[in-house]
Amino acid sequence: MSAKKFTGAEIVIHSLHKENTEFVFGYPGGAVLNIYDAIFQLKKFKHVLVRHEQAAVHAADAYSRSTGKVGVALVTSGPGATNAVTGIATAHMDSIPMVIISGQVPTHAIGQDAFQECDTVGITRPCVKHNFLVKKIEDIAPTIKKAFHIARSGRPGPVVVDIPKDITAEESVFEYPSEIELRSYHPVEKGHQGQITKALELLISSKKPMVYTGGGVVLGDASEELTKLIKKLGFPVTSTLMGLGGFPANEKQFLGMLGMHGTYEANMAMQECDVLIAIGSRFDDRVIGNPDHFLSKPRKIIHIDIDPASISKRVKIDVPIVGNVKSVLKDMNEIYSTLEKNHDKKIQSDWMKTIDEWKAKKSLSYKNSDEVIKPQYVVEELHKVTNGDAFITSDVGQHQMWAAQYYPFNKPRRWLNSGGLGTMGVGLPYAMGAQLAHPEAQVACITGEASIQMCIQELSTCKQFHLPVKIINLNNRYMGMVRQWQEFFYGNRYAESYMDALPDFVKLAESYGHIGLQIEKPSEVTDALKEAFSEKNKERLVFLDFLTDQTENVYPMVPNGKGLSQMILSEDL
Amino acid sequence: MRHIISLLMENEAGALSRVAGLFSARGYNIESLTVAPTEDSSLSRMTIVTSGSDEIIEQIIKQLNKLIDVVKVLDLNDGKHIERELMLVKVKASHQYREEMKRISDIFRGRIIDVSDNTFTIEITGSSTKLDAYLDSLDKSAIVETVRTGASGIGRGDRILKI
């Protein structure tokens, strides 16, 4: 008896099933109709129909960010694939493990400028970890296996698998490889023990040590190891935007976020420390400001990263440690226990005092108002109403920074935003992905009236899939961050940063079948939030449109090109 | 400084464009790039001549290693190596210049591989600087056409790039 035959489309579905795929976010079209037919017939996972391919990729990305698993998106050829590119580039910049399956025109039509044809592999090449064009049916299963392996191992990232339509209709046997060997790809996992010891010796003998953590701690699930080590060392910690939640914000060693909108104490400590350890972070321009200014202070730098190319890319590193952050931190904890007796914490006490003085500046304080809603106040109240335990997504701009500053995260994978690419429009699809992955959890999307309109069509998806996300629209009738830069650096010339002709967000939400509320007074903020998160609205999407202070700016701010210690602080201070 | 980077990569469609795309996306220089399959038909050997500070070269090597299709990378400048490039030059060689052209090509150990009434085509191999020197020794107006392969390189002695 010959082995059972499967169509290419069925092989795609069975392969995804073998990878324990729970959700596929997608949008059908000509080149993927065979795959959609197989989804319909085989029912191996839940398909989430979005309203635009960009949102499919963002939602799959958020599923991954909030769970640590590989997100899966499915799009058709041509415009399906090009619409997905923003989502793919967003995931690539933040190292999110994803597999994106795209349909392609039939093999015989490739290169003929066929209907809905584009060179998907060529277009996505610079914004993926890797991509594949599958050329024969026998390659489908091994290619999907490779795609998942590459996406989730090493420094994670999105992988595109482009599958021509004719291949999905052919038949072949199906055998999913249990293991895959790529001779050209062997990410380093374990850190060099000698380097780890050297790093620890340097840290415990320093007078002004500082810890700077990034998204790698979250992606590498290394929070526990990090927290354990830092508590033992007793050193101050700061985190990048992407790393928030990697170390509990309620620990007193945590100095808050650093960088362009970091706290005074975090930025000053970064600049003034004598030994810095960077953990799963990459010294990017929004984090260290001007690299020449940063390097004008002598200090030794230790860098743990899984990607060798991240080390000494922008800043010369004295002690590089290449490896999986979790594994390296585990080793550090062990080696520290043998060195602990040599650690005289008294030599660091002056440094701790200095940091306390910087903290006393309270750089995040702002003047609240009875007249007009302060955006910071809304975020603080949201934190209270959700007991600090919600999944928070944001878009990009002022509201993103206020969310990062005023909603402290004590757990990893609770904070979902586009840190690297800075993609406006991710907030709502991110909330969808997080809510699907965590149906019982509270999910809030902190956004602004400009960003939310970039993927507003997804309110329809939320209705179809009963996603009770809460939208916190900090509506200041400006593209706030653009306006802030125009105020600071362009002589108040507000070129095209005003959001004229805004929709009535309440009616808009209602037209999609959701609840909409507009809040104009500070005294109504808390009640509105309570209402949104009430038991009665547990199953409902609630769109809260907060009319906030139009003139509010994000502080502190390190102007572009300036050094970390050259912050502009709030006038209220 | 000029570096010759040699690498082995999977002999697959699109592999070349991944390398070329990396250089253009990150703003690295490419002076020349040659690629051909090796004795193992699943592998291609690529030689890239580039230039940059030590930090940039370090980043180039790391970024190349990061490409999934790249199996091994070697900076030939890290040790002793041999470099060769092949050039085909068509020069004017009308009656009164024929002897002169032959003599110069002999000095550079070039071989005349095609002759017409008015031209010689000369094949010449050597380091890129030798080929430059040959061209410099010719009267510019005598050069009709040049075709260069770009440099290939190999480590000396026991220094090998193989999987």
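Residues numbered from 1 in each chain as written. Chains lettered and ligands numbered in written order. Predicted model: local features only at pLDDT ≥ 70, side-chain atom pairs only at ≥ 80, totals over all residues.

Within an unreviewed UniProt entry, the label attached to chain B reads Acetolactate synthase small subunit, and the organism entered is beta proteobacterium KB13. Within the UniProt record for chain B, the comment given under Sequence similarities (unreviewed entry) is "Belongs to the acetolactate synthase small subunit family." Here is the UniProt Subunit (unreviewed entry) comment for chain B, exactly as written: "Dimer of large and small chains." (UniProt positions renumbered as here; feature names shortened; annotations may be inferred.)

Student: Whenever I open this one, the overall build of chain A confuses me. Can you help?
Tutor: Regarding its fold elements, chain A presents 22 helices and 20 strands. Considering only C-alpha atoms, chain A reaches an extent of 80 × 60 × 45 Å along its principal axes. Expressed as a percentage of the 573 residues in chain A, the buried residues total 56%. Partitioning the intrachain contacts of chain A with sequence separation of at least 6 by distance along the chain shows that 78% fall at a separation of at least 24. (Helix = DSSP H or I, 4+ residues; strand = E, 2+ residues; numbered from the N terminus. Buried ≥ 20, exposed ≤ 12 C-beta atoms within 10 Å, placed from the backbone. Contact = placed C-beta atoms within 7 Å.)

Student: What should I look at first to understand the sheet that holds strand S17 (residues 443-448) of chain A in this one?
Tutor: Paired through backbone hydrogen bonds, the strands of a sheet run either parallel or antiparallel to each other. Residues and elements named next belong to chain A. The six strands are arranged S16-S15-S17-S18-S20-S19 in an open sheet whose pairing can be described as parallel. In this open sheet, the two edge strands, each paired with only one partner strand, are strand S16 (415-416) and strand S19 (515-519). When strand S15 (residues 391-394) meets S16, the two strands line up parallel, connected through two bridges. Across the sheet, Ile392 pairs through a bridge with Trp415, a residue of S16. Contacting S15, S16 and S17, helix H18 (residues 427-437) crosses the sheet at an angle of about 175 degrees to S17. (Pairing = 2+ DSSP bridges. Axes fitted to C-alpha atoms, helices over the stretch in contact; angles between N-to-C directions.)

Student: Sorry if this is basic, but what is going on with the environment of Pro187 of chain A here?
Tutor: Residues and elements named next belong to chain A. Structurally, Pro187 can be placed in the loop between strand S8 (171-173) and helix H8 (193-204). Separated by 141 residues in sequence, Pro187 and Lys46 have C-alpha atoms that sit 32 Å apart. Apart from the residues within four sequence positions on either side, Pro187 is in contact with Ser153, Gly154 and Ile306.

Student: Looking at this structure, how should I read the interface of chain B and chain A?
Tutor: When the parts of a complex come together, some accessible area is lost, and that lost area is often taken as the interface size. Residue-level contacts link 16 residues of chain B with twelve residues of chain A. Among the elements of the structure, helix H1 (15-25), helix H2 (54-66) and strand S4 (70-75) of chain B are those that each provide at least two residues to the side of chain B that touches chain A. Here the side of chain B that touches chain A takes five residues from H2 of chain B, the largest share from any one element. Of the residues contributing to the side of chain B that touches chain A, the split by class is five nonpolar, five polar and six charged. (Nonpolar A, V, L, I, M, F, W, Y, C, P; charged D, E, K, R; others polar.)

Student: Can you help me understand unusual backbone geometry in this one?
Tutor: Comment: phi is negative for the bulk of residues other than glycine, and the bulk of peptide bonds are trans. Residues and elements named next belong to chain A. Cis geometry marks the peptide bond from Tyr555 to Pro556, where omega comes out at -10 degrees. If you check the backbone angles, Arg413 has positive phi at about 65 degrees while not being a glycine. Relative to the helices and strands, Arg413 resides in the loop between helix H17 (398-406) and S16. The class for Arg413 is buried, based on 21 C-beta atoms found within 10 Å. Here the phi dihedral of Asn492 falls at roughly 60 degrees; this positive angle occurs in a residue that is not glycine. Its 8 C-beta neighbours within 10 Å are what place Asn492 among the exposed residues.

Student: For this particular structure, what's the right way to read the UniProt feature "domain: ACT" (unreviewed entry) in chain B?
Tutor: The feature "domain: ACT" (unreviewed entry), as given by UniProt, occupies residues 4-78 of chain B in the numbering adopted here. Span residues 4-78 of chain B is 32% helix and 37% strand, its end C-alpha atoms 9 Å apart.

Student: Would you mind going over the pairing of S15 of chain A with me for this structure?
Tutor: The two faces of the sheet receive side chains in turn, since in a regular strand these alternate between them. Residue and element names in this part refer to chain A. Residues of S15 alternate between two faces, with Phe391 and Thr393 on one and Ile392 and Ser394 on the opposite face, all of them buried. Where S15 lies against S17, four bridges are found, and the strand directions are parallel. Across the sheet, residue Ser394 finds its bridge partner in S17, namely Ile446. The handedness of the S15 to S16 crossover, carried by H17, is right-handed. (Right-handed = clockwise from strand over helix to strand, strands pointing away.)

Student: Any chance you could explain helix H2 (residues 33-42) of chain A here in plain terms?
Tutor: What sets the pattern is the α-helix's 3.6 residues per turn: residues three or four places apart point alike. Residues and elements named next belong to chain A. Here H2 has its buried residues at Asn34, Ile35, Tyr36, Ala38 and Ile39. Residues of H2 that are buried sit in contact with strand S1 (5-7), helix H1 (8-18), strand S3 (46-49), strand S4 (71-75), strand S5 (98-104) and helix H7 (165-169). One or two steps after H2, the chain reaches Lys43, where phi turns positive at roughly 45 degrees.

Student: Teacher, can you tell me more about the nonpolar core here?
Tutor: One broad rule of soluble globular proteins: the nonpolar side chains tend to lie buried together. Counting 202 residues, the largest nonpolar core has Ala56, Ala73 and Val99 of chain A as its most contacted members. Among residues more than four places away in sequence, those in contact with Val99 of chain A are Val70, Val72, Ala147, Phe148, Ala151, Val159 and Val161 of chain A. The next biggest cluster of nonpolar side chains, apart from the first, holds nine residues, and it includes Met87, Val89, Met101 and Ile122 of chain B. (Core = buried A, V, L, I, M, F, W, Y, C linked by C-beta atoms within 7 Å.)

Student: Even after reading the chapter, I still don't get the sheet that holds strand S3 (residues 43-51) of chain B, so can you show me in this structure?
Tutor: Residues and elements named next belong to chain B. In space, the four strands of this open sheet follow the order S2-S3-S1-S4, with antiparallel pairing throughout. Single-partner strands in this sheet number two, and they are strand S2 (32-37) and S4. Ignoring strand direction, the axes of neighbouring strands in this sheet form an average angle of 15 degrees. Pairing analysis gives six bridges linking S2 to S3, with the strands arranged antiparallel. Bridge pairing in S3 places Pro37 opposite Ser44.

Student: Any chance you could explain the confidence of the model for chain B here in plain terms?
Tutor: Keep in mind that low pLDDT regions are not for reading the predicted coordinates in detail. Scored by pLDDT, chain B has a mean of 95; 100% of the residues are at 70 or more. As a predicted assembly, this complex carries a pTM of 0.96 together with an ipTM value of 0.93. (pLDDT = per-residue confidence, 0-100.)

Student: What is the right way to look at the domain arrangement of chain B in this model?
Tutor: Residues and elements named next belong to chain B. Segmenting chain B into domains produces domain 1 (2-78) and domain 2 (82-154). For domain 1 versus domain 2, the distance between C-alpha centres works out to 28 Å. Each side of the interface is counted separately: domain 1 has eight residues, and domain 2 has six residues. Of all the secondary structure elements, the ones that give two or more residues to the side of domain 1 that touches domain 2 are strand S1 (2-10), S2 and S3. When residues in the side of domain 1 that touches domain 2 are grouped by element, the largest group, three residues, is from S2. When grouped by side-chain class, the residues that make up the side of domain 1 that touches domain 2 number four nonpolar, four polar and no charged. (Domains from an automatic or database assignment.)

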